[in-house]
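A closer look at the structure
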There are 2 protein chains.
Amino acid sequence: MSTHANNALHPTGLAQKLADSGLRSTPQRELVYEVLLTKRDHPTADEVFARVKPELPGISLATVYNCLETLVQCDLVRAVNFERGPTRYCPNLRPHAHFHDEATGQTHDIDLPTVLFAKLKAELPTGFDANAVEITFRGKAKTSSN
Amino acid sequence: MSTHANNALHPTGLAQKLADSGLRSTPQRELVYEVLLTKRDHPTADEVFARVKPELPGISLATVYNCLETLVQCDLVRAVNFERGPTRYCPNLRPHAHFHDEATGQTHDIDLPTVLFAKLKAELPTGFDANAVEITFRGKAKTSSN
DNA sequence: ACCAAATCTAGAATAATTCTAAATATTGCT
DNA sequence: AGCAATATTTAGAATTATTCTAGATTTGGT
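Residues numbered from 1 in each chain as written. Chains lettered and ligands numbered in written order. Predicted model: local features only at pLDDT ≥ 70, side-chain atom pairs only at ≥ 80, totals over all residues.

1. Remarks on the protein's contact with DNA strand D
- The environment of DNA strand D is formed by 20 residues, the closest being T26, Q28, S60 and T63 of chain A together with T87 of chain B.
- Elements with a minimum of two residues in the surface near DNA strand D: α2 (27–38) and α4 (61–73) of chain A together with α4 (61–73) of chain B. (Near = placed C-beta within 6 Å. Helix = DSSP H or I, 4+ residues; strand = E, 2+ residues; numbered from the N terminus.)

See the structure below:
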């Protein structure tokens, strides 16, 4: 069922990545990561908390924040922000943009050719050296998947 | 001294733009707008408040927020967000990107060819109709103006 | 000058996130 | 196995930026 390129990194891989940063694999971290992989709808910390609680009823919201931050630090997950709304989390590590649907509030990943990111960086005046570019679209999506 | 293309819109123009939206020109709105035009360093609401207070000691922070919001609504000013930081305000209406200097925290405007924005929108899959694109660079700037 | 509507103000309320300090869990010795 | 050192989790308090509320002030049109 792995029809599309997927950067799923299951328990062992996760443990490895964490260890690389001198961190431990814990049930909380594994579960938070799994929740992000399972439903890739850019959930907020609160939403992750809600999805994780049934599995691990004792988990606290602070821990969810901690785990998410940890995963971001280890480059397993990207934090996505849109106009002061709550931070959303995204396990898609390919370079991509985001599309915010004004009607539904949903966030969609938009894959873009890598060269485009390079082209953008090339537009910067001398003296500016970017190590990241973020691209966000806003508008209406009339996808069939809605 | 008007060396660069400038979209300054002084009192009369401001009053006009406000009137277009059925709003009044007030000392507070004029001053907030002037402060934004005078020092275009993408100040936060707090910073605008600090700059405005000496001129109009009775002004409240709530009013500064109100004025900024009003100016944004009238398309005189753009609100700029970067990773959950406080919203910053920018009177540059040309389509442009922002560069966040990780070292200084400063925000710089980056003018980009208009066609680039169009090209980006063209990359969207069918079904996605964007009415705005936001581009943010992050990195180090070693400009002489620092 | 008067009235209605618009605007402004101070302070309370809210939302998302971070901080703090104590409780738990885990690891690496011995 | 036993134990100290360290990492992680937890609940709740604190913080920050912003919005809300309700009353006071200002304004434009008659």
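2. Some points on the relation of the copies chain A and chain B
- Rotating chain A by 180 degrees and translating it 0.0 Å along the rotation axis places it on chain B, where the RMSD comes to 0.1 Å. What the rotation and shift describe, once combined, is the action of a two-fold rotation axis. Identified as the residue of chain A closest to the rotation axis by C-alpha distance is I135 of chain A, at 2.4 Å.
- Of the residues that chain A buries at the interface, 100% are likewise interface residues in chain B, meaning the two copies contact each other through the same surface. (Least-squares fit on C-alpha atoms with pLDDT ≥ 70 in both. Contact = placed C-beta atoms within 7 Å.)

3. Describing the interface of chain A and chain B
- With 28 residues of chain A in contact, the opposing surface of chain B contributes 28 residues.
- For the side of chain A that touches chain B, the secondary structure elements donating two or more residues are α5 (114–122) and β5 (128–141) of chain A.
- Ranked by residues supplied to the side of chain A that touches chain B, first place goes to β5 of chain A with 14 residues.
- Here β5 of chain A runs beside strand β5 (residues 128–141) of chain B; their pairing, made up of 13 bridges, is antiparallel. The partner of D129 of chain A across the bridge, within β5 of chain B, is K140 of chain B. (Pairing = 2+ DSSP bridges.)

4. Thoughts on the sheet that holds β5 of chain A
- The mixed open sheet is built from six strands, whose spatial order is β4(A)-β3(A)-β5(A)-β5(B)-β3(B)-β4(B). Each edge of the open sheet carries a strand with a single partner, namely β4 (107–111) of chain A together with β4 (107–111) of chain B. Each strand of the sheet is rotated relative to its neighbour by a mean of 30 degrees, with strand direction disregarded.
- Looking at chain direction, strand β3 (residues 96–101) of chain B and β5 of chain B are connected through four bridges and run parallel. When the sheet's bridge partners are listed, F99 of chain B is paired in β5 of chain B with F137 of chain B. (Axes fitted to C-alpha atoms, helices over the stretch in contact; angles between N-to-C directions.)

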